[in-house]
Amino acid sequence: MKLGSKIENLKIMKNAGISVPEFETFSFDELVVSEEEIKKALKICEGKSASEKSGILKEAVKKSVRVKKKIKLEGERFSVRSSSCVEDSAENSFAGQFDTFLDVEKSEIAQKITECVCSLYNENVLVYMEKAGFDIGMLKMNVIVQKMIDSDVSGIVFTANPQGILNETVIVAGRGLGENVVSDKIDTTSYYYSLTDNIYYYDGKENLLSDEKVHEIIEASKIICKYIGKHTDIEFAIENNKLYILQARPITTLSDKNPIIFDNSNIVESYPGLSLPLTVSFVETVFAGVFKDAGRRLLKNKKELEKRYDILENTVGTANGRLYYNLNSWYSAIKFLPFSKKIIAVWQELVGVKYKEYDESKNEISPFIKASVYFNTLTELLATPRNMKKLNERFINIKNYVYKRFEEEMSAKEILELYDKIQEQLLSCWGITLLNDTYAFIFTGLLKARLKKKYDDHEELANSYISGITDIESMMPVREMVRIAVEKDGMTKDEYNRRVSEYLDVYGDRCLEELKLETETFRTNPAMFDAKIREFAENKEKLVQLLEDKIQDTDEIIKRDAITRFLSKKSILGIGNREIQRLNRSRIFGMVREAVLRMGEIYAKQNCIETKRDVFYLTLDELRSLADKPCDMRETVYVRKKKYEMYSLLPAYSRIIFSEKAFDKNHRNINMATLQSSKDEMVGVPCSNGIVEGEAYIVMDVKKVESVKDKILITKTTDPGWVFLLAEAKGVVSEKGSLLSHTAIISRELGIPAVVGIENLLSTLKNGDIIRIDGSTGVVKLIKKA
């Protein structure tokens, strides 16, 4: 670029309608009347130090530069900025290497222009150039004279977090001039804005930017990125509430060649909010075991399987105390399957992945292995219903064995041996559940596609055909609880206690957030069960309907359409088996929870930790180490608790795109802010038919939920334990989810309308708003604001 990218970028932004302060440019060619002095100086510099070179070359510049052009800008104060031929390029930023002068009076502009050109040969620049292999003889300095903005607030925008988050914009703002922000002379506030979720938080002592101004900066930066580069560093100033962009340059330190994509679609249903270190380490172990088993079934080749351990062991990840799917690994794994493009499309829809783009390059696999995988996939899918039945029988046997062992006194090592048996006997063969998910996804996707092709009301028909599974396992716990609540008044105390004991033995692990080991369940805290029985007893009239078998009438379409009938039957079979194993999964977590709580008691007695529940702040590997050699872990627990206090203040991003490696954040003064939406009508995925109108009840933390009777629940997501809340609610709407999510399945069985997948739902509705939801069309309408 002849005038340097800094000048060219200013021209581009001005033409794009960005508010840029008035400026004039001075090229190196028109400033330097003779280059002979500089050429002579360059010869003299040979063999000299960088410091000596700098002095000689600057003297040559002073003799050579003349400012002949008259300054046309109006005003009293100006800024004089460099724009060298090598500055702010996509490869090299030279940030802070050249001189900039602020608050320059008109009479001083010529002098400052000369000094700006002289900075071309600053000692630090010469050292940098030599290391980078640049020819200093090719250097040229152009200069920008810009009208000075007397900023109230100024700062820098990084359109991608320079720490390595590509979909998070960072705004660093401070009072006064931008020079003070860059040189750390004043306190600053940093704003972290998720470009995926349109939510942000700030870290600092004071909030310097209004919601409107943050939004304005974000929108301006998006426009600038279209013209200058995907990841851009932007300097801004705000004077009398007007935003000015002073300069922009590419961020040269970030790579997006191989990004790591964390997405909480679907997994957030099981792990909403924070998950403590023990849960995270156990979940990583579970997913690795499940995917390896699925890979073993499809490859049936140990050597080929081991080659892909890096993919299969990294399907989940954690950031800031929250669990995410690592989509890179998921897509890589699915691409081994036949018809992978179609399967990925169905998987994305049914899991609720919003952003569909992925790396479509093919996996490196020999034709023989590929043919083998295709054959094995087909045979395994055909055998899935039979294998799911075998898995259930195996689970029952190991569950009985484990709880019999729990009746005995055990050491920490013996408890770990029992845990290893659970892992060996169950988790090592749980890969069949992934194949069953694929089975359910395929047949549900085919059913929806067929109905969409033939009927206008295809969404409503699809919901009808895959609901009404009268013996669906997920409904059993709430039905039995309702039965106890209804019959309690006629029971003796002993009979009630017996019924409660039987319930806890079978369903005691099914509760809100049941797949977090740290969660208090009905089994670990029976008082919670008694409280829920009292709550249900007050709502008998509605809940008693759950005791009636729901038999779905066979539609005329199904009677006369054999293909639809077949697809519907297979979908129901896959979904039914899916729910059986989801409940069994909660029971596995219940067994592990019991095991680690017992280890927590042992380690607390040994003064390794303060209380038994501190065990949840340790990892599985640390529990093993303590069993071999007890040591004081109280400081480790304390530090992690402090970290989790900080994590709890961070917003839950639905997607994080890391440049290279996932990492956790660290902040001091976090404050949360959300861009409010004003939409009166939203559309999501219809999941359970029916229309209801009622009061919105926002659920941010299930632990703080009060009565939800006859209210419409508004939430980020749900998990299987929500069946106890949904049973009393009028309807439910969630930001996340799909046709096969927990929200959808349980709502259909309860017969309440449900809509999922509505973006910015929690920033649109408030507690007490009157809304109408249509579970057949997916429309949610705000009738009256609170």
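Here's a quick rundown of the structure.

Reading the values: the criteria
- Residues numbered from 1 in each chain as written.
- Predicted model: local features only at pLDDT ≥ 70, side-chain atom pairs only at ≥ 80, totals over all residues.
- Heavy atoms only, no water.
- Helix = DSSP H or I, 4+ residues; strand = E, 2+ residues; numbered from the N terminus.
- Buried < 20%, exposed > 50% of the residue type's maximum accessible area, 1.4 Å probe, protein only.
- Contact = heavy atoms within 4.5 Å.
- Lys, Arg positive; Asp, Glu negative; His and termini not counted.
- Charge placed at Lys NZ, Arg CZ, Asp CG, Glu CD.
- Pairing = 2+ DSSP bridges.
- Axes fitted to C-alpha atoms, helices over the stretch in contact; angles between N-to-C directions.
- 1 Å grid on protein atoms, 1.4 Å probe; cavity = no way out; pocket = protein on both sides within 12 Å on 5 of 7 lines; lining within 4 Å.
- Points joined across faces, edges and corners; volume = space filled by probe spheres on them.
- Nonpolar A, V, L, I, M, F, W, Y, C, P; charged D, E, K, R; others polar.
- Core = buried A, V, L, I, M, F, W, Y, C linked by side-chain atoms within 4.5 Å.
- Salt bridge = Lys/Arg side-chain N within 4 Å of Asp/Glu carboxyl O.
- Phe/Tyr/Trp six-rings, centres within 6.5 Å; stacked < 30°, edge-to-face > 60°.
- Parallel < 35°, antiparallel > 145°, perpendicular 65-115°, else oblique.
- Left-handed = near helix turned anticlockwise from the far one by under 90°.

**Some points on the overall build of the protein**
Within the protein one finds 28 helices and 23 strands. Here the C-alpha coordinates of the protein stretch approximately 105 × 60 × 55 Å along the principal axes. Put simply, the protein has 786 residues, and 56% of those count as buried. Of the contacts formed within the protein by residues at least 6 apart in sequence, a portion of 70% connects residues at least 24 apart. Charged side chains in the protein number 117 positive and 119 negative. The centres of these two groups are separated by 4 Å.

**Considering the sheet that holds strand β22 (residues 770–774)**
Across the sheet, 8 strands lie side by side as β16-β23-β22-β18-β19-β20-β21-β17; this open sheet has mixed pairing. Of all the strands in the sheet, just β16 (681–683) and β17 (685–688) have a single pairing partner and so form its edges. Taking the axes of each pair of neighbouring strands and ignoring which way they run, one obtains an average angle of 30 degrees across the sheet. For β17 and strand β21 (residues 754–756), the ladder comprises 3 bridges, and the chain directions are antiparallel. Pairing of V685 across the sheet is with V756, part of β21.

**Quick look at the sheet that holds strand β11 (residues 260–263)**
Pairing within the open sheet is antiparallel, and its 4 strands lie in the order β12-β13-β11-β14. Here the strands that pair on one side only, and so sit at the sheet edges, are β12 (316–319) and β14 (655–658). Averaged over all pairs of adjacent strands, the angle between their axes in this sheet comes to 35 degrees, without regard to strand direction. Two elements, β12 and strand β13 (residues 322–326), share 4 bridges in a ladder whose sense is antiparallel. Bridge assignment links G317 to a residue of β13, and that residue is Y324. Those strands touched by helix α10 (residues 277–299) are β12 and β13, and its axis lies near 160 degrees from that of β12.

**Notes on empty space enclosed by the protein**
Following the criterion strictly, the structure yields 3 cavities of 30 Å³ or more and no others. Taken together, the elements giving at least two residues each to the lining of the largest cavity come down to α9 (267–270), α10, α13 (327–334), α14 (340–351), α17 (431–454) and α24 (562–605). Of all the elements, α10 adds the most residues to the lining of the largest cavity, at 8 residues. Across the lining of the largest cavity, the residue classes tally to 28 nonpolar, 8 polar and 5 charged. In this structure, the second largest cavity occupies an estimated 60 Å³ of space. Across the lining of the second largest cavity, the residue classes tally to 6 nonpolar, 1 polar and 3 charged.

**So, the side chain of S734**
Its location among the elements puts S734 in strand β20 (residues 731–734). Here S734 falls in the buried class, since its relative accessible area comes to 0%. Among all residues touching S734, those that are not within four sequence positions of it are T715, K716, T717, T743, V755, V756, G757, I758 and L761.

**With respect to the nonpolar core**
Of all hydrophobic cores here, the largest spans 104 residues; its most connected members are F282, W347 and Y603. Counting residues in each nonpolar core, the second largest holds 40 residues, with M491, F522, V699 and I752 among its members.

**Observations concerning unusual backbone geometry**
With phi around 55 degrees, E513 is a residue other than glycine that occupies positive phi space. Among the secondary structure elements, E513 is positioned in the loop between α20 (493–507) and α21 (526–537). Its relative accessible area of 8% is what places E513 among the buried residues. A positive phi angle, near 60 degrees, is found at D710, a position not held by glycine. The residue D710 is located in the loop between β18 (691–699) and β19 (712–715) in this model.

**A closer look at the pattern of salt bridges**
Summed over all chains, the structure comprises 46 salt bridges. One salt bridge in this structure joins R77 and D103, with 2.1 Å as the shortest N-O distance. Within this pair, whereas R77 is found in strand β2 (residues 77–84), its partner D103 is found in strand β3 (residues 101–105), the two being separated by 26 residues in sequence. When its relative accessible area of 34% is taken as the criterion, D103 is described as partly exposed. Here K612 makes a salt bridge to E601, at a shortest N to O gap of 3.5 Å.

**Topic: the packing of aromatic side chains**
Any aromatic ring pair is given by two values, namely how distant the centres are and how the planes are angled relative to each other. Scanning all chains against the criterion turns up 23 aromatic pairs. Both rings, one in Y331 and one in Y358, keep their centres 4.8 Å apart while their planes meet at 25 degrees; by these two values the pair is stacked. With Y331 in helix α13 and Y358 in the loop between α14 and α15 (367–405), the pair connects residues that are 27 residues apart, well separated along the chain. The same class applies to Y331 and to Y358, which are both buried. Here Y644 and Y647 contribute two aromatic rings whose centre-to-centre distance is 5.2 Å and whose plane-to-plane angle is 75 degrees, an arrangement assigned as edge-to-face. Pair noted here: Y644 and Y647 are both in helix α26 (residues 634–647), with a separation of 3 residues, about one helical turn. Taken individually, Y644 and Y647 each receive the classification buried, so the pair is uniform in this respect.

**Regarding the packing of helix α3 (residues 36–44) against helix α4 (residues 50–64)**
Relative to each other, α3 and α4 sit at 170 degrees, their axes nearing to 8 Å. The angle between α3 and α4 falls in the class roughly antiparallel. Along the contact surface, α3 presents E37, I38, A41, L42 and I44, while α4 presents I56, L57, A60, V61, K63 and S64. Across the contact of α3 with α4, the residue classes break down as 8 nonpolar, 1 polar and 2 charged.

**Quick look at helix α5 (residues 109–118)**
When you tally the buried positions in α5, you get 7 out of 10 residues, the bulk of the element. Turning to α5, its buried residues number three or more, namely I109, K112, I113, T114, C116, V117 and C118. In this fold, the buried residues of α5 make contact with β1 (23–26), α2 (28–31), α4, β2, β3 and β4 (141–147).

**Describing the packing of α17 against α24**
Their axes nearest at 8 Å, the elements α17 and α24 cross at an angle of 145 degrees. As for how α17 packs across α24, the hand of that crossing is left-handed. For the contact of α17 with α24, the class distribution of residues is 12 nonpolar, 9 polar and 4 charged.

**Observations regarding the layout of surface pockets**
Its volume calculated, the second largest pocket comes out at about 1,000 Å³. Contributing to the lining of the second largest pocket are 37 residues, with P259, I260, I261, N328 and I657 lying nearest its centre. Residue assignment for the lining of the second largest pocket shows that the elements contributing at least two residues are α8 (211–228), β11, α12 (309–312), α13 and β14. It is α13 that contributes the most residues to the lining of the second largest pocket, 5 residues altogether. Per-class residue counts for the lining of the second largest pocket are 13 nonpolar, 14 polar and 10 charged.

**Regarding the pairing of strand β9 (residues 232–239)**
Most of β9 is tucked away, with 7 of its 8 residues classed as buried. Judged from the 6 bridges that link them, strand β5 (residues 153–158) and β9 form a sheet pairing that is antiparallel. Paired with G155 across the strands is F236, a residue of β9. With 8 bridges joining them, β9 and strand β10 (residues 242–250) adopt antiparallel strand pairing.

**Considerations on the side chain of N264**
Summarising the element assignment, N264 is placed in the loop between β11 and α9. Using a relative accessible area of 4% as the deciding quantity, one classes N264 as buried. Every residue in contact with N264, bar those within four places of it in the chain, is listed here: L323, Y324, Y653, S654 and K736.

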